[in-house]
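# Fold and geometry: a report
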There are 2 protein chains.
Amino acid sequence: MITEERLPNWLKKRAELTPERVAVEFEDRLYTFRELDELAEENARKLASVGLRPGDACAVLLRNHIDSVIMIHALFNAGITIVMLNGRLTARELGWQITDSESKWLISEEFFSSKLEGIATDIPQTEILRKEKIRSLPVTAESYSQAEFLLSDAATIMYTSGTSGKPKGVIQTFGNHWWSAMGSVLNLGLSEEDCWFCAVPIFHISGLSILMRSVIYGIRVVLAEKFDEKVANEMIMDRGVTVISVVSAMLNRMLLSLGEQRYPEHFRCMLLGGGPAPKHLLQECTRKQIPVYQTYGMTETSSQIVTLAPEYSIKKIGSAGKPLFPSQLKIEVDGRAALKGEPGEIVVSGPNVTKGYLNREEETKRAIKNGWLYTGDIGYLDSEGFLYVMDRRSDLIISGGENVYPAEIESVLSLHPAVFEAGVTSKSDRMWGQVPVAFVVPFPNSQPAKAELIDFCKEQLASYKVPGEIIFCDSLPRNSSNKLLRRELKQWLEERG
Amino acid sequence: MITEERLPNWLKKRAELTPERVAVEFEDRLYTFRELDELAEENARKLASVGLRPGDACAVLLRNHIDSVIMIHALFNAGITIVMLNGRLTARELGWQITDSESKWLISEEFFSSKLEGIATDIPQTEILRKEKIRSLPVTAESYSQAEFLLSDAATIMYTSGTSGKPKGVIQTFGNHWWSAMGSVLNLGLSEEDCWFCAVPIFHISGLSILMRSVIYGIRVVLAEKFDEKVANEMIMDRGVTVISVVSAMLNRMLLSLGEQRYPEHFRCMLLGGGPAPKHLLQECTRKQIPVYQTYGMTETSSQIVTLAPEYSIKKIGSAGKPLFPSQLKIEVDGRAALKGEPGEIVVSGPNVTKGYLNREEETKRAIKNGWLYTGDIGYLDSEGFLYVMDRRSDLIISGGENVYPAEIESVLSLHPAVFEAGVTSKSDRMWGQVPVAFVVPFPNSQPAKAELIDFCKEQLASYKVPGEIIFCDSLPRNSSNKLLRRELKQWLEERG
């Protein structure tokens, strides 16, 4: 007896249940769920007036802004699948995703006007709607709003940055988003006093999932256009923020800015994603009694799928934790289940996991087998079932026949008191095939000697893992989710010759 | 793209995530999720040793006890659909349900031995397993435990008491239970410090849903064999209980026993089900700052589907609130949507609502149309969308062509300072067809005059709603969920002649 589950339209339901609660705080202005619902409905009718209809796909190129939140809900209301575009891409890359996703429309804003001109030239058939113009569109008398969401319907498409090859559009259904929110609430708990700070991009799943949770849980989101550590700290200290999503680079800056102050007790979750965190960072958080939840997730899992509870933060340092309640995880080596402690490919399943890539039947079949997603990432489970993510498969360094995982070396380097952060790649080597090379950002006013850092590594790592070279730099290359881009490190290396 | 969602086995998953948290407290003994999981696994193997296999149906006749919790999880592990039997039924009624549900097995205990003898005589083909005997069964080497639960699989069958006609087996899938738990968590919030007191029968959905939530949320349940107001109050005052499920008769007794004491701040939810609550009770709760959540629900909705938040407890007095996040509600009159304020049939939908009655295609079709369950209950929505449940349709009294709802009269009577509770039925009348008759339980040491109560009603009710007769009694007839049995009032009346 399989039935297609349907839920009431989330924002409308939320506005019916708790109309007066604050939904979004943006630039010191508060929007209740009732207001957000009314604004979304108004915009859905404006979009209908220019011809958008249920079933269409529409690309969206917008910054973190209240208008973007309204537009996302307006599009959900209108039954339109949203293709979330990354504002850092070039016009050419954006045009490719618009074409690949067969989006007839692109909603954007003046801020991106030069990119929009490029897109208009490359793919003139795309109808570009600037938000500044949408404002003055007429409102249809009739509402096209969906009263219900089918859980199997595609809500959003996000292209994965992909460590190699062409980007693929990940289909995220309403069900995927819903289950992700459920996995999170069963892990973190929920209070109507909760308030989630969102300074990660809403075009990434890390940001969008916060907007989804706001509506499903009925909690306030403080939305920031971009991340600023002073603002983030102020929001926690004085403005009632209880949960924040960060990556380690953001957390690092917050801690530096925080100094010897402590966060208040109502602050209950520092949700840390975007790759393994350096140990010194976690130790510093423990010292300051900051409740860090390390997580592992990706676009395909509609945000985190594995999370480490704070009580294990130090005991299981470096672990991403255990799969959330609705999700499952296994480690595979050459098609067999890995032994405890044995590294292999991380394979996940659960109703939060995508059913596939848009118009990519072959790649979907390769990635998803019998409901299990093969992530391409490498990790192992310890004897108690805690996941340790070692690396993205494509970043694997093989040196003298031994596997070397950059994250492990980075983690060791970042334990050195003079090291702020480190990124590791490899260079080719006649003897060993490849040897690791470390890019190191020292703490301000620190000037560690290269030899000292090499010795520090030798103390803690097998000799084949010790970097063949140390290079100092001011910052590491990261994408807009603040994930370390090791490919770019490799390019830097090549440019140095 | 419809797929059959599957989740990891709930208890096993919970034991993996939070093995050391307390799952159940029973008679001062604590059982962690790890222990509960091990005991359930052991019992699943014992049941397998006598031949129970995935897909079988098994009836269960057990009291509230830790052994029963273990047995329920053992049966889920073993992939067996559980038919939950009501311990207050006669052997004949039990036998009927066992036969109707095609249960090959009956798991019970010595406590019910006389009923078991009756069943053995009536339906000798049923294999009866007493829990005292299961203890000594061998354990199979192989585990038959389900690693996953399909959300569309039937988890439990519960027969509805039914106000008339033969009982029907309501199919509750794992999905129904899951979504019910999700609707509740989005309404009540969740903290790992939560602790739910269960003194309602686990063979009813009110009790079973608490056991489900314990495992899904990872919270402690304090299980009591039967309700005792002193114990309930002690659990809240001194033993960390934060949530309790009650019906108004239980709440009444708790308040009397509580006297002028106040519940501690950590106590955050008095979940009040089983029909409309008298106003004096709600007013008393407000005075004592007790956070009462009035609810409306039934076996078919896998526990509450409509709930009133405490902030509306007095402003919307008498209302059951709004449908939980995943659920929807409408009021129908002769096939059309009722106007605001107009009473009609309460119709509900949502993934927590049953897909139908066991082997009752006709009755399922009559009750569920296009995914909407026609409850047979009467209610209306006010201008802000709050539900007021007026009555069970079958209890409707029609007097002089006017509709009279017993609950309305009961509610007025219970406002009288001398009235503890009241139950209303009707007797036939030559002039009006039917007239209401009220059974009244006075407060201890109160002796109101009948004329005084009649006058009190006249002040507040249209004349056709005023009881034609008042009858004093010591207590009202209730079923094991403490729901008022108006049919029995009618019988009392007939017996009086």
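Please read these numbers as outputs of a predicted model, since none were measured by experiment.

### Regarding the environment of A:Gly183
All names here are of chain A.
- Along the chain, the position of Gly183 falls in helix H7 (residues 174-188).
- Judged by its relative accessible area of 2%, Gly183 falls in the buried class.
- Separated by 206 residues in sequence, Gly183 and Val389 have C-alpha atoms that sit 20 Å apart.
- For Gly183, the residues in contact, after removing those within four places along its chain, are Leu324 and Pro326.

### Some words on the interface of chain B and chain A
- Listed by partner, the interface residues are 35 residues for chain B and 35 residues for chain A.
- Carbon and sulfur atoms make up 64% of the area that chain B and chain A hide from each other, which totals about 3,700 Å².
- Along the contact surface separating chain B from chain A lie two salt bridges.
- The partner of A:Lys355 in a salt bridge is B:Glu5, and the shortest N-O contact between them spans 3.4 Å.

### A closer look at unusual backbone geometry
All names here are of chain B.
- The backbone phi angle of Glu102 is positive, close to 55°, even though this residue is not glycine.
- Among the secondary structure elements, Glu102 is positioned in the loop between helix H4 (91-100) and strand S6 (105-108).
- One non-glycine residue with positive phi stands out, namely Asn370, at about 55°.
- Structurally, Asn370 can be placed in the loop between strand S21 (368-369) and strand S22 (372-381).
- Since its relative accessible area comes to 77%, Asn370 is described here as exposed.

### Observations concerning the state of the cysteines
- According to the stated counting rule, one finds zero disulfides over all chains in the structure shown.
- Cysteine A:Cys269 remains unbridged, with the sulfur of A:Cys285 as its closest cysteine sulfur at 12 Å.
- For A:Cys269, a relative accessible area of 0% gives the class buried.
- In this model B:Cys198 remains outside any disulfide bridge; the closest cysteine sulfur is found in B:Cys195, 11 Å from its own.

### Details of the relation of the copies chain B and chain A
- When chain B is brought onto chain A, the operation consists of a screw motion whose angular component is 180° and whose axial shift is 0.0 Å, with 0.1 Å RMSD remaining. Both copies are brought into coincidence by an operation consistent with a two-fold rotation axis. Residue B:Leu190, judged by its C-alpha, is the member of chain B lying nearest the rotation axis, at 2.5 Å.
- In this assembly, 100% of the residues forming the interface of chain B have copies in chain A that are likewise at the interface, indicating an isologous arrangement.

### A few points about the domain arrangement of chain A
Residue and element names in this part refer to chain A.
- For chain A, the assigned domains are domain 1 (31-139), domain 2 (175-393) and domain 3 (396-496).
- Distance from the C-alpha centre of domain 1 to the C-alpha centre of domain 2: 28 Å.
- In this complex, domain 1 contributes 19 residues to the contact, which on the side of domain 2 involves 20 residues.
- On the domain 1 side of the contact with domain 2, Phe33, Asn64 and Met84 bury the most area, a combined 40% of that side's loss.
- Contributing elements (two or more residues each) for the side of domain 1 that touches domain 2: helix H3 (66-77) and helix H4 (91-100).
- In terms of residue class, the side of domain 1 that touches domain 2 is built from nine nonpolar, seven polar and three charged.

### Some thoughts on helix H15 (residues 486-496) of chain A
Residues and elements named next belong to chain A.
- The complete set of buried residues in H15 reads Arg486, Leu489 and Leu493. Angular distribution of buried residues about the axis of H15 spans 45°; they occupy a single face of the element. In this structure, H15 carries Glu494 and Glu495 as exposed residues pointing more than 90 degrees from its buried face.
- Gly497 lies just past H15 and shows a positive phi near 80°.

### Describing the UniProt feature "domain: AMP-binding enzyme C-terminal" (unreviewed entry) in chain A
- Summarizing the sequence annotation, UniProt attributes the feature "domain: AMP-binding enzyme C-terminal" (unreviewed entry) to residues 408-483 of chain A in the numbering used throughout.
- A distance of 16 Å separates the end C-alpha atoms of residues 408-483 of chain A, which is 22% helix and 33% strand.

### Overview of the pairing of strand S22 (residues 372-381) of chain A
All names here are of chain A.
- With nine of its ten residues buried, S22 lies for the most part within the structure.
- Taken together, the four bridges between strand S20 (residues 344-349) and S22 define a ladder with antiparallel strand orientation. Counted as the bridge partner of Val347 is Tyr374 from S22.
- In this sheet, S22 lies alongside strand S21 (residues 368-369) in antiparallel orientation, the contact comprising two bridges. Bridged to Lys369 within S22 is Trp372.

### Some words on the packing of aromatic side chains
- Going through the model one piece at a time under the given rule, you end up with 31 aromatic pairs over all chains.
- Taken together, a centroid distance of 5.2 Å and an interplanar angle of 65° make the contact between A:Phe76 and A:Phe174 edge-to-face. Of the two residues, A:Phe76 sits in helix H3 while A:Phe174 sits in helix H7, which places them 98 residues apart along the sequence. For the pair A:Phe76 and A:Phe174, one class covers both residues: buried.
- Ring centres of B:Tyr263 and B:Phe267 lie 5.1 Å apart, and the angle between their planes is 55°; on these two criteria the pair is classed as tilted. Like B:Tyr263, the residue B:Phe267 is buried in the burial classification.
- The side chain of A:Arg63 reaches across the aromatic face of A:Phe111, ending 3.8 Å from its centre.

### Focus on the packing of helix H9 (residues 229-238) of chain B against helix H10 (residues 248-258) of chain B
Residue and element names in this part refer to chain B.
- One can describe the packing of H9 onto H10 by two numbers: an axis separation of 9 Å at closest approach and a directional angle of 70°. In this view, H9 runs roughly perpendicular relative to H10, as classed from their interaxial angle. Where H9 abuts H10, its residues Glu229, Lys230, Ala232, Asn233, Ile236 and Met237 lie against Arg253, Met254, Ser257 and Leu258.
- When its residues are assigned to classes, the contact of H9 with H10 shows five nonpolar, two polar and three charged.

Cut-offs applied
Note that residues are indexed from 1 along each chain, following the sequence as it is written. Going through the entries in the order they are written, you letter the chains from A and number the ligands from 1. Local features in this predicted model are restricted to residues whose pLDDT is 70 or higher, and side-chain atom pairs enter the listing and the counts only when it is 80 or higher, whereas totals over whole chains, interfaces and linings include all residues. The side-chain quantities take in all heavy atoms of the structure and omit both hydrogens and water. In this text, helices come from DSSP runs of H or I with a minimum length of four residues, and strands from runs of E with a minimum of two, each type numbered from the N-terminal end. Relative accessibility thresholds used throughout: buried, under 20% of the residue-type maximum; exposed, over 50%; partly exposed, between the two (1.4 Å probe, protein chains only). Contact criterion: two residues are considered in contact whenever any of their non-hydrogen atoms come within 4.5 Å of each other. In short, buried area is how much 1.4 Å probe accessible area vanishes from two parts on joining, totalled over both. When a carboxyl oxygen of Asp or Glu lies within 4 Å of a side-chain nitrogen of Lys or Arg, that pair is called a salt bridge. The disulfide definition used here is simple: a pair of cysteine sulfur atoms within 2.5 Å. Overlaid copies result from least-squares superposition on C-alpha atoms, with residues included only where pLDDT is at least 70 in both. Residue ranges for the domains trace back to a domain assignment, done automatically or taken from a database. Three residue categories are used. Nonpolar comprises Ala, Val, Leu, Ile, Met, Phe, Trp, Tyr, Cys and Pro, charged comprises Asp, Glu, Lys and Arg, and polar comprises the others, including Gly. In this context, the arc is that of the directions from the helix axis out to the C-beta atoms. UniProt positions are given in the numbering used here, feature names are shortened, and annotations may be inferred rather than shown by experiment. When DSSP locates at least two bridges between a pair of strands, those strands are taken to pair. Centre distance within 6.5 Å is the pairing criterion for rings of Phe, Tyr and Trp, where only the six-membered ring of Trp is used; planes under 30 degrees apart are then read as stacked, over 60 as edge-to-face, and the remainder as tilted. In this scheme, the term charge over a ring applies when either NZ of a lysine or CZ of an arginine sits within 6 Å of the ring centre and within 35 degrees of the ring normal. For helices, the fitted axis covers only the stretch in contact; all axes are lines through C-alpha atoms, and the angles between them, taken along N-to-C directions, range from 0 to 180 degrees. Here the word oblique covers every angle except those under 35 degrees (roughly parallel), over 145 (roughly antiparallel) and from 65 to 115 (roughly perpendicular).

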